[in-house]
Amino acid sequence: MRVISTDEGRALVEAREVKVHYKVSTGLLETLLGRAKVVRAVDGVNLSIPRGGSVGLVGESGSGKTTLGRALLGLVELEGGSVLFDGTDISSLKGSALKAFRRRTQMVFQDPYTSLDPRMKIGHQVEEPLRVHGICGNKEERRQRVLEMLEKVGLVPAAEFYSRYPHQLSGGQRQRAAIARALVVGPEFLVADEPVSNLDVSARAQILRLLRDLRKEMNLTLLFITHDLAAAWSVCDRIDVMYLGRIVEEGAREEVLRDPLHPYTQALVSVTRDPKRRKGEGPKISGEVPSPMNVPQGCRFHPRCPFAMDICRIFVIRLVSVSLPIDDRA
């Protein structure tokens, strides 16, 4: 399994052995006896994102991607490990320091149909973060900043979209509004959680292009959560593959997509629509991701892996650093 470091200087965001577990009761008796089961949503993840870098977090539903993204923003309680932002453990932040952290970090959610308030005009929703953080001196300055942000995300004429309600926008336009709301305060770190999964092909391509352009223009550090390697290729410099609460492979996008090492990554690459992927059939995997309440012993992928051996059922495989040459295969 590959680990390629792309850090240039100190990382802006770093997860160290992060664990997020949830207790789930299956019945009254279990609750009374204190035998609630534990969902290991994230189970010992190390992740480092350099300032200005972009990482694609890829995996099937249930792999823990969204939970990890929320953990990096301090939106869920950690069972273990720590998250550092610009060198500071975010669990130690309180008061004004926590509010400053909230301004420096933002999230774009998966579903633009539910992430926007249907009762508020688009302009007012984009303006709200400015009010919360006390940005801009008066209402007119806030309005002007909102108009500029709407134009930057492609909602033009901005004045018309300012006065519209979410139901008057298409899916792609709603996601643009959600992106504008997240970026209007000028954050440094953005978590985009499956931002194109609910969009049609045309809108999807436009939003991916928008995220790529805004990242460069605003010098954003980006965590792009997706189940689609092709989308990650389009936006990210590096790819981390997640399976059942753990990272199984990570590296520069060209290396991961052209020469995947882990069987799970190979299977994902074999079905990707990206034209630059390595030619040839990948390993076939069957079945569903096991429940995070009943994690397999040893390598978590072994029940679905076509190459599994007896040792895989006993020992946990650790990531190791390797370096592979990149060829020019299409």
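We now turn to the structure provided with this report.

Thresholds applied
- Residues numbered from 1 in each chain as written.
- Predicted model: local features only at pLDDT ≥ 70, side-chain atom pairs only at ≥ 80, totals over all residues.
- Heavy atoms only, no water.
- Helix = DSSP H or I, 4+ residues; strand = E, 2+ residues; numbered from the N terminus.
- Expected span 1.5 Å × (residues − 1).
- Buried < 20%, exposed > 50% of the residue type's maximum accessible area, 1.4 Å probe, protein only.
- Arc of directions from axis to C-beta.
- Contact = heavy atoms within 4.5 Å.
- Polar contact = N/O pair within 3.5 Å; in protein donor to acceptor, adjacent residues only side chain to side chain.
- Core = buried A, V, L, I, M, F, W, Y, C linked by side-chain atoms within 4.5 Å.
- Pairing = 2+ DSSP bridges.
- Axes fitted to C-alpha atoms, helices over the stretch in contact; angles between N-to-C directions.

## Some words on helix α6 (residues 139–152)
Each turn of an α-helix holds 3.6 residues, which means side chains three or four residues apart point in the same direction.
Line of reasoning, step 1. Its 14 residues place the ends of α6 20 Å apart at the C-alpha level, agreeing with the 20 Å of an ideal helix rising 1.5 Å per residue.
Line of reasoning, step 2. The set of residues buried in α6 consists of R142, V146, L147, M149 and L150. Seen end-on, α6 carries its buried residues on one side only, within an arc spanning 165°. Turned more than 90 degrees from where α6 packs its buried face, E140 and E151 sit exposed.
Line of reasoning, step 3. The secondary structure elements touched by the buried residues of α6 are α5 (122–132), α7 (158–162) and α8 (171–183).
Line of reasoning, step 4. The N-cap residue of α6 is N138: its side-chain oxygen and the backbone nitrogen of E140 are 3.1 Å apart.
Line of reasoning, step 5. Where α6 terminates, the next one or two residues include G154, which has phi positive at roughly 95°.

## Side note on the nonpolar core
Line of reasoning, step 1. Counting residues in hydrophobic clusters, the biggest one holds 39 residues, and the most contacted among them are L150, V153, I179, L190 and F224.
Line of reasoning, step 2. Looking at this core, the elements with two or more residues in it are α5, α6, α7, α8, β7 (189–193), α9 (201–218), β8 (221–226) and α10 (229–235).
Line of reasoning, step 3. Broken down by element, the residue count for this core peaks at 6 residues, all from α9.
Line of reasoning, step 4. Filtering out sequence-adjacent residues up to four positions away, L150 remains in contact with I122, V126, L155, A158, F161, Y162 and A180.
Line of reasoning, step 5. With 28 residues, the next largest nonpolar core counts V45, I49, A71 and I90 among its residues.

## Focus on the sheet that holds β7
Line of reasoning, step 1. Strands sit in the order β6-β7-β8-β3-β9-β10 across an open sheet of 6 strands; the sheet is mixed. Every other strand in the sheet has two partners, leaving β6 (105–108) and β10 (246–252) as the edge strands with one partner each. Adjacent strand axes in the sheet meet at a mean angle of 15° when their direction is disregarded.
Line of reasoning, step 2. The sheet contact formed by β7 and β8 spans 5 bridges and is parallel. In the sheet register, F189 faces β8, and the bridge partner there is T221.
Line of reasoning, step 3. The strands that helix α3 (residues 95–104) touches are β6 and β7; relative to β6, the one it contacts most, it runs at about 45°.

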